[in-house]
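Coordinates in review
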Amino acid sequence: MAIFLLDSAFAQQESHEALMNRLFTELADPANPGWERAQNQILAEWEKSGSPAFDLLLKRGQEAMEAGDFDAAIEHLTALTDQAPEFAEGWNARATAFFLEGRFGPSVSDIEHVLALEPRHFGAISGLGLILQELGRKEQALKAFRASLAIHPHQDGISQAAEALEQELSGTEL
């Protein structure tokens, strides 16, 4: 019986990885008319912590951010990252809260955690680009935007930011 349970858990993990690989392949296709469905499924998968308590902490942190209460958001999300350090979306949400509060150092640190856990996290990569751009590190920002767009080419705002940086760095105006 124990062997069956282990085999079943392994098969579920493999099927989750296969699902995510398929979704990222669909998302990366610039000609795919179903890219929004793939994006939404990826985002939904990322928000699954596997624990109702962790899901609640994420929700409370997100709600506090939406209300503009960044201290409360950071408090909830710190509890989440402390209790679930392998849950990339907890780190990503806290990185966002730090960013919105203007605390770029802690935001970058959390983005590093996100990308160590989920290297294809286009939101974290584009967030890093925004921070680098804000800090005047334009070449690095452009590199981050391009990396994010390679994963998710349908990000209009990031595409526009990358084009503007390319123009600026080449010395031509839009």
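Parameters and conventions
- Residues numbered from 1 in each chain as written.
- Predicted model: local features only at pLDDT ≥ 70, side-chain atom pairs only at ≥ 80, totals over all residues.
- Heavy atoms only, no water.
- Salt bridge = Lys/Arg side-chain N within 4 Å of Asp/Glu carboxyl O.
- Helix = DSSP H or I, 4+ residues; strand = E, 2+ residues; numbered from the N terminus.
- Buried < 20%, exposed > 50% of the residue type's maximum accessible area, 1.4 Å probe, protein only.
- Core = buried A, V, L, I, M, F, W, Y, C linked by side-chain atoms within 4.5 Å.
- Contact = heavy atoms within 4.5 Å.
- Expected span 1.5 Å × (residues − 1).
- Arc of directions from axis to C-beta.
- Axes fitted to C-alpha atoms, helices over the stretch in contact; angles between N-to-C directions.
- Parallel < 35°, antiparallel > 145°, perpendicular 65-115°, else oblique.
- Left-handed = near helix turned anticlockwise from the far one by under 90°.
- Polar contact = N/O pair within 3.5 Å; in protein donor to acceptor, adjacent residues only side chain to side chain.

Here we look at the pattern of salt bridges
Under the criterion given, the structure shown has nine salt bridges. Lys59 is paired through a salt bridge with Glu63; the nearest N and O atoms lie 3.9 Å apart. Of the two residues, Lys59 and Glu63 both sit in helix 3 (residues 52-66), four residues apart, roughly one turn of that helix. The class for Lys59 is partly exposed, based on a relative accessible area of 46%. Assessed through its relative accessible area of 42%, Glu63 is described here as partly exposed. Residue Glu101 is joined to Arg103 by a salt bridge in which the shortest nitrogen-to-oxygen separation is 3.2 Å. Under the relative-accessibility criterion, Arg103 is labelled partly exposed at 37%. Among the charged side chains, a salt-bridge network with shared partners connects Arg22, Glu26 and Arg37.

Some thoughts on the nonpolar core
Counting 20 residues, the largest nonpolar core has Met20, Phe24, Leu27, Ile42, Trp46, Phe122 and Phe145 as the members making the most contacts within it. Contributions of two or more residues to this core are made by helix 1 (2-28), helix 2 (35-46), helix 7 (122-134), helix 8 (138-151) and helix 9 (156-170). Sorting elements by how many residues they give to this core places helix 8 first, with six residues. Filtering out sequence-adjacent residues up to four positions away, Met20 remains in contact with Ile42, Glu45, Trp46 and Arg120. Counting 14 residues, the second-largest nonpolar core is a separate cluster that includes Phe70, Phe87, Ala97 and Phe98.

Description of helix 2
Helix length check: helix 2 (12 residues) gives 16 Å between terminal C-alpha atoms against 16 Å at 1.5 Å per residue, within 8%. Listed as buried for helix 2 are Ala38, Gln39, Ile42, Glu45 and Trp46. Projected down its long axis, helix 2 shows its buried positions confined to an angular sector of 130°, all on one face.

Section: the packing of helix 5 (residues 88-100) against helix 6 (residues 104-117)
Interaxial distance between helix 5 and helix 6 falls to 8 Å at its minimum, and their mutual angle equals 160°. Between helix 5 and helix 6, the interaxial angle falls into the category roughly antiparallel. Our pair here, helix 5 against helix 6, has a crossing hand that is left-handed. Side by side, helix 5 and helix 6 meet where Ala88, Trp91, Asn92, Arg94, Ala95, Phe98 and Phe99 of the first sit next to Phe104, Pro106, Ser107, Asp110, Ile111, His113, Val114 and Leu117 of the second.

Topic: helix 7
Taking 1.5 Å as the rise per residue, helix 7 with 13 residues should run 18 Å; its terminal C-alpha atoms sit 18 Å apart, in good agreement. Inspection of helix 7 places Phe122, Ala124, Ile125, Ser126, Gly129, Ile131 and Leu132 among the buried residues, and these make up the whole buried set. Remark: Gly136 follows helix 7 within two positions and exhibits a positive phi of approximately 80°.

Looking at the side chain of Ser126
Tracing the sequence through the fold places Ser126 in helix 7. Of the polar contacts made by the side chain of Ser126, one reaches the backbone oxygen of Gly123; its length is 3.1 Å. If near-sequence neighbours (up to four positions away) are discounted, Ser126 is found in contact with Phe145, Ser148, Gln155 and Ile158.

On their own, these measurements won't tell you what the molecule is for.
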